[in-house]
Amino acid sequence: MDIHEYQAKALLAEFGMPIPMGELAYSPEQAAYRAKEIGGEKWVVKAQIHSGACGKAGGVKVCDSENEVYEAANEMLGKRLVTHQTGPQGKLVNRLYIEEGMPIAREIYLGFLLDRATERIMVVASAAGGMDIEEVAEKDPDSIIRIGIESAVGMQAFEAREIVFKLGIEPAQVSQAITAILACYRAFSELDATMVEVNPLIVTDDGRILALDAKMGFDDNALFRRQAIAELRDKSQEDPREMMAADRGLSYVGLDGNIGCIINGAGLAMATMDMIKHCGGEPANFLDIGGGASPERVAKAFNLVLSDDNVEAILVNIFAGINRCDWVAEGVVQAMKKPQSLYRALLVVLVPSMPTI
C-alpha cells in the first residue's frame, strides 16, 4: 500500500525527520488560505497522487504570491496527471499540499528498500538527488551508495555516519544528517514499510537539512497490525479492480489484455499467463482464488473479472488437488446466472486432476 507525500512526511516527522511547514488543501480558495497561514514569500503547490515524476508532469508549481497559489491550485485540481508511472490513463488530482518555499543549496537522494535477495534492509543514497536520480543511477552507477543493514542489530549510528561522510556532508550538518537517516530507518522497520524514499533530502542556504519530498510503501500483509497506517489508504488512487479484489480477499493484478484469468495457485497462474502469451494472446489480469475456494468466492472472482470492459474471454484453470471442482462449477453457475455474463465472455474451463496412485 502506498500513501501520499504529506502522509509520509507526517510519519517521518514523528520519528525525528525535519520537514518544511505545509498544509493540505482541497480547493483553490483553501490553497490560498493555507499559503497565508504558512506565511513567507514563496510557496510550492504539490499535486498529491500515488506516482513519482509529478514535477515533470506539471504537478509541482512554485508560486510567489497567494494569487499564484490560487491559480496553480485551480489548474491542478480535477486534472489527470500522466507520468511514466501512471500509464496513459493518469491519476486524478483531488487534493494538494501547500508547502513553504525553501532556499535549496544542495539536493541528496536517500532511500530504504527491502532487499529480498539478502533478506536485509538496503540503504541507497546519492550525492546527486532530485528528479533525475534514475539517469544518475544509469549513467554513473558507482556514485550510488548501497549499505545493507544487519537485521539482528538494526541500523547503528556509525553506519549512518559512514553514509553521511560518503555523501560529502559539511561537518556542521553531520549531526542533522545522521538524525534524518536514522529517522527513516526507524520508520521503515517499526511501521512494516517496504520502501521509504526521500528525494530530495535538501541542505538549505542556512544549513538546515529537511525532507523536501517523501514516499512510503507498506506491506499489505502487515496492515492488520498497523490500523493507523491502513487508515491512510486512498482508494481513489488505486486500480478499482485491484481495490475491489483486495476488499474481497482475492489476489488480483490488473493488466491490459482481453483474456480474463481465474486460476488457483500463484505458480499455476503465472504459468497460464505465460501460455496465453506464448499462443499470441494477452492476459487481462492475474487472479489467484487460492485453495479451498467456496462457490461464493469463485462467483466473486467471475464478477471481478467481468467488471473489466476489456475482457472478451475467460480462461479458468483449476488444479483439483487444492480445490473441489464441484464447488468451482457451482460458482461458475452462480456467476453465469447474470444474463450479461453469458454475452460478455466465452468460458473455457480446464480442470486437471490429481494423478491417482
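Residues numbered from 1 in each chain as written. Predicted model: local features only at pLDDT ≥ 70, side-chain atom pairs only at ≥ 80, totals over all residues. Heavy atoms only, no water.

## Here we look at the nonpolar core
Grouped burial of nonpolar side chains is what soluble globular proteins tend to show.
Here's step 1: Ranked by internal contacts, the top residues of the largest apolar core, which has 45 residues, are Leu12, Met17, Leu110, Phe112, Met155, Met216 and Phe218.
Here's step 2: The element that contributes the greatest number of residues to this core is helix α6 (residues 174-190), accounting for 10 residues.
Here's step 3: Contacts of methionine 155, omitting those with residues within four sequence positions, involve Phe112, Val123, Ile149, Ala160, Ile163, Ile181, Leu182 and Tyr185.
Here's step 4: Counting 22 residues, the second-largest nonpolar core is a separate cluster that includes Ala245, Ile262, Leu287 and Val298. (Core = buried A, V, L, I, M, F, W, Y, C linked by side-chain atoms within 4.5 Å. Buried < 20%, exposed > 50% of the residue type's maximum accessible area, 1.4 Å probe, protein only. Helix = DSSP H or I, 4+ residues; strand = E, 2+ residues; numbered from the N terminus. Contact = heavy atoms within 4.5 Å.)

## Structural notes on the confidence of the model for the protein chain
For any part of a model where pLDDT is low, the fine detail of the predicted coordinates should not be relied upon.
Here's step 1: Mean pLDDT over the protein chain: 88, with 94% of residues reaching 70 or higher.
Here's step 2: Low pLDDT, under 50, characterises residues 353-357; the predicted model gives this stretch four contacts beyond four residues in sequence or across chains. (pLDDT = per-residue confidence, 0-100.)

## Some remarks on the side chain of serine 51
Here's step 1: Considering the arrangement of structural elements, one finds serine 51 in the loop between β2 (43-47) and β3 (60-63).
Here's step 2: By relative accessible area, which is 8% here, serine 51 ends up buried.
Here's step 3: At 2.6 Å, the side chain of serine 51 and the side chain of threonine 83 are in polar contact.
Here's step 4: Those residues within four positions of serine 51 in sequence are excluded, and the remaining contacts are Thr83, Gln85, Thr86 and Lys215. (Polar contact = N/O pair within 3.5 Å; in protein donor to acceptor, adjacent residues only side chain to side chain.)

## With respect to the side chain of lysine 91
Here's step 1: Looking at the element boundaries, lysine 91 is found in strand β5 (residues 91-92).
Here's step 2: It turns out lysine 91 is buried and unbridged, and the closest side chain with the opposite charge, aspartate 2, is 6.2 Å from it.
Here's step 3: There is a polar contact of 3.1 Å between the side chain of lysine 91 and the backbone oxygen of glutamine 237.
Here's step 4: Ignoring sequence-local partners within four residues, the contact set of lysine 91 consists of Ile49, His50, Lys79, Arg80, Leu81, Thr86 and Gln237. (Lys, Arg positive; Asp, Glu negative; His and termini not counted. Salt bridge = Lys/Arg side-chain N within 4 Å of Asp/Glu carboxyl O.)

## Points about the pattern of salt bridges
Here's step 1: Within this structure, the stated rule accounts for 16 salt bridges.
Here's step 2: For the salt bridge of glutamate 5 with lysine 9, the shortest nitrogen-to-oxygen distance reads 2.8 Å. Of this pair, glutamate 5 and lysine 9 are both found in helix α1 (residues 5-14), four residues apart, which corresponds to roughly one turn of the helix.
Here's step 3: Glutamate 5 gets classed as buried once you look at its relative accessible area, which sits at 10%.
Here's step 4: Since its relative accessible area comes to 1%, lysine 9 is described here as buried.
Here's step 5: When the shortest N-O distance is used, the salt bridge between lysine 277 and glutamate 282 registers 3.1 Å.
Here's step 6: On the basis of relative accessible area, lysine 277 is assigned to the partly exposed category, the value being 45%.
Here's step 7: Using a relative accessible area of 39% as the deciding quantity, one classes glutamate 282 as partly exposed.
Here's step 8: In this structure, a network of salt bridges that share partners links the residues Glu5, Lys9, Lys46 and Glu99.

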